[in-house]
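Okay, here's what each chain looks like letter by letter:
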Amino acid sequence: MSHKSEFGLLLIIKPSKRLKKAIIFVYLLALGAATVNALDVAVKIGLCALICAHGGLTVRRLNAGNHTIRHSEALGWEILEGRDFVTIEILKSTVTTTFALFLHFKHGCQASSWTPGHKKTWLILNDALAGDDYRRLIVKLKTTAIK
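The structure reproduced in this document is the subject of the present report. Treat the numbers as computed from the prediction; the structure is a model and nothing was measured.

Parameters at a glance
- Residues numbered from 1 in each chain as written.
- Predicted model: local features only at pLDDT ≥ 70, side-chain atom pairs only at ≥ 80, totals over all residues.
- Heavy atoms only, no water.
- Core = buried A, V, L, I, M, F, W, Y, C linked by side-chain atoms within 4.5 Å.
- Buried < 20%, exposed > 50% of the residue type's maximum accessible area, 1.4 Å probe, protein only.
- Helix = DSSP H or I, 4+ residues; strand = E, 2+ residues; numbered from the N terminus.
- Salt bridge = Lys/Arg side-chain N within 4 Å of Asp/Glu carboxyl O.
- Contact = heavy atoms within 4.5 Å.
- Polar contact = N/O pair within 3.5 Å; in protein donor to acceptor, adjacent residues only side chain to side chain.

Ranked by internal contacts, the top residues of the largest apolar core, which has 22 residues, are Trp-77, Ile-90, Leu-103, Ile-124, Leu-137 and Leu-141. Counting residues per element, the ones that place at least two in this core are β1 (9–13), β3 (76–81), β4 (84–90), β6 (100–107), β7 (119–125) and α3 (131–144). Looking at this core, the element that brings in the most residues is α3, giving four residues. Judged by nonpolar contacts, the second largest core, of nine residues, contains Leu-19, Tyr-27, Ala-100 and Leu-125.

Dropping the structure here:
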């Protein structure tokens, strides 16, 4: 969802339904592999329990993850961390496609909980934003950060 303000671009990135479905599918494949192997029944039950627990935690973490990113000519690229926006540097290794964006960035501020210079990656699928907002983000990245 984009907002009109003094900032050129303000986007709230919601959890991707397609990513969640793909992750659930991978966990179902892992459950299938855990049940059809030659291990003892007790080990199979333990593996299935671990896979289900980890899958549940992963899906819950995906559902809770809203991110906010903004760009302005004066301040550059920023992300919302807690209640404050902090400056980031978009790295040239960022990959953009019509289906997904692999956003690589480096945190530029000392006042953050991250280590300065720490590199981070966000996977943003195109269904995490409205169609126009995803396109706007790609264009803004290509024109300002990853030339």
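The next point concerns the pattern of salt bridges. Evaluation of the coordinates by the stated rule reveals six salt bridges. Asp-127 is the partner of Arg-18 in a salt bridge, and the nearest nitrogen-oxygen pair spans 3.9 Å. A residue pair is termed long-range when its members are at least 10 positions apart, and Arg-18 in helix α1 (residues 17–35) and Asp-127 in the loop between β7 and α3 qualify at 109 residues. Measuring nitrogen to oxygen at the nearest pair gives 2.6 Å for the salt bridge that ties Glu-78 to Arg-70.

Take Val-95: it is sitting in strand β5 (residues 95–96). In this structure, the C-alpha to C-alpha distance between Val-95 and Ile-138, residues 43 residues apart in sequence, is 9.8 Å. Setting aside chain neighbours within four positions, we find Val-95 in contact with Ala-100, Leu-101 and Phe-102.

Let us look at the side chain of Arg-70. Tracing the backbone through its elements, the reader meets Arg-70 in strand β2 (residues 67–72). By relative accessible area, Arg-70 is classed as buried at 13%. Among the polar contacts made by the side chain of Arg-70, one reaches the side chain of Glu-78 at a distance of 2.6 Å.

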